[in-house]
Amino acid sequence: MEVHIYYLFIMALPVACIAWTVTKEEIFREAREFCIDRSKNCNKLVKRKFFYVFTCEYCFSHYVTALLLFITKFTLIYPDWRGYIISFFSVVWIANVYMSLYNIIRIDLKKEKIKVAREESELKND
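Keep in mind it's a predicted model, so treat the numbers as computed, not measured. (Residues numbered from 1 in each chain as written. Predicted model: local features only at pLDDT ≥ 70, side-chain atom pairs only at ≥ 80, totals over all residues. Heavy atoms only, no water.)

(A) The overall build of the chain, seen in detail. On a plain count of helices and strands, the chain comes out with five helices and zero strands. When the helices and strands of the chain are listed from N to C terminus, the series reads α-α-α-α-α. Against the globule reference of 14 Å for 126 residues, the chain gives a C-alpha radius of gyration of 19 Å, more extended than a compact globule. By its C-alpha atoms, the chain is 70 × 45 × 20 Å across when sized along the principal axes. Buried residues in the chain amount to 29% of all 126 residues. (Helix = DSSP H or I, 4+ residues; strand = E, 2+ residues; numbered from the N terminus. Rg over C-alpha atoms; globule rule 2.2 N^0.38 Å. Buried < 20%, exposed > 50% of the residue type's maximum accessible area, 1.4 Å probe, protein only.)

Now the structure itself:
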């Protein structure tokens, strides 16, 4: 069981990385903007929800997790379908904790950069 817990925390890393990159980072900005537009302006509910998945890191992490579990056959506690369900929600939860922590760190870094820039401009003005 101890090994499975390590795997759980390791499996959540690529899920968090992929979900965050697709839904938040600049490299996918154009695709994300397209998906945001389609999620608001499609005439069918199914289409709107499909495109919304690519704009929400929490939603997208479910699909990334499902793909990762399909590839790795990772289960928790039970070796059958119940283990897949438990591992699915566990990996999603841990991945979203990782993304929340990463977001907090990024916000703190941005605050520090703004403070430094403000102090530098004050020093230049003096």
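(B) A look at the side chain of Asn96. Mapped onto the elements, Asn96 comes out in helix α5 (residues 81–125). Judged by its relative accessible area of 13%, Asn96 falls in the buried class. In contact with Asn96, other than residues within four places in its own chain, are Glu57, Tyr58 and Ser61. (Contact = heavy atoms within 4.5 Å.)

(C) The environment of Asp126, seen in detail. Mapping Asp126 onto the fold places it in the segment after α5. Residue class for Asp126 comes out exposed when judged on its relative accessible area of 79%. A sequence separation of 76 residues divides Asp126 from Phe50, and the C-alpha atoms of the two residues are 54 Å apart.

(D) Here's a closer look at the pattern of salt bridges. Under the defined criterion, the tally for this structure stands at seven salt bridges. Of the charged contacts in the structure, one is a salt bridge between Glu26 and Arg29, with a shortest N-O distance of 2.5 Å. The partly exposed category is assigned to Arg29, whose relative accessible area is 30%. The partner of Glu112 in a salt bridge is Lys115, with the nearest N and O atoms 4.0 Å apart. Residue Glu112 and its partner Lys115 are both found in helix α5; the two are separated by three residues, about one turn of the helix. A residue is classified by how much of its surface remains accessible, and Glu112, at 44% relative accessible area, is partly exposed. Sharing partners across several salt bridges, the network here consists of Glu26, Arg29, Glu30 and Glu33. (Salt bridge = Lys/Arg side-chain N within 4 Å of Asp/Glu carboxyl O.)

(E) Quick look at the UniProt feature "transmembrane region" (unreviewed entry) in the chain. Residues annotated by UniProt as "transmembrane region" (unreviewed entry) correspond here to residues 6–23, 50–71 and 83–105. Segment residues 6–23 splits into 100% helix and 0% strand. End C-alpha atoms: 26 Å apart. (UniProt positions renumbered as here; feature names shortened; annotations may be inferred.)

(F) Looking closely at helix α2 (residues 29–41). For α2, which comprises 13 residues, the first-to-last C-alpha distance of 18 Å matches the rise-based estimate of 18 Å (1.5 Å per residue) to within 8%. Within α2, the full set of buried residues consists of Arg32, Cys35 and Ser39. Seen along its axis, α2 keeps its buried residues to an arc of 60°; they face one direction. For α2, the exposed residues lying more than 90 degrees away from the buried face are Lys40 and Asn41. Tucked into the core, α2 has its buried residues touching α1 (2–24) and α3 (45–52). (Expected span 1.5 Å × (residues − 1). Arc of directions from axis to C-beta.)

(G) Highlighting the state of the cysteines. This structure, assessed with the given rule, holds zero disulfides. With no disulfide of its own, Cys42 lies 9.6 Å from the sulfur of Cys35, the closest cysteine sulfur. Under the relative-accessibility criterion, Cys42 is labelled buried at 6%. (Disulfide = S-S within 2.5 Å.)

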